[in-house]
Amino acid sequence: MTTTLIIIVLTWLIVQAIKSANLPGKYLPLVALGVGIALSVGIALYTGDANLLSDVLVGAWAGFASTGANETATKSIAGIIDSIGASITKTK
């Protein structure tokens, strides 16, 4: 479980670094998927606990999770800011 969380965080960090290089946003989920799979397989090979199918699935899950976490956080924060702004505007 700890390894999966590490892969998710590392995937998210790498994708954010790639995102800052002006890669179009529509490609970021695919990049996250590839980075997650590469990290998962790489860590498994490094630790000697390589099970290719399991590693690919964990990497894919980590890629999707890092993308989903970013989208959820971004939209939630934007929604909160918009609702606060709307209530301030209504009271004036």
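This section reports on the structure supplied with the text. Quick caveat: nothing in here was measured; it's all calculated off a predicted structure.

**Thoughts on the environment of Gly-63**
Topologically, Gly-63 is positioned in helix H3 (residues 52-91). Exposure remark for Gly-63: the relative accessible area of 0% places this residue in the buried category. For the pair Gly-63 and Ile-7, spaced 56 residues apart in sequence, the C-alpha to C-alpha distance is 8.5 Å.

**Looking at the environment of Ala-65**
If you trace the backbone, Ala-65 turns up in helix H3. Expressed as a C-alpha distance, the spacing of Ala-65 and Gly-36, which sit 29 residues apart in the sequence, is 9.4 Å.

Calculation notes
- Residues numbered from 1 in each chain as written.
- Predicted model: local features only at pLDDT ≥ 70, side-chain atom pairs only at ≥ 80, totals over all residues.
- Heavy atoms only, no water.
- Helix = DSSP H or I, 4+ residues; strand = E, 2+ residues; numbered from the N terminus.
- Buried < 20%, exposed > 50% of the residue type's maximum accessible area, 1.4 Å probe, protein only.

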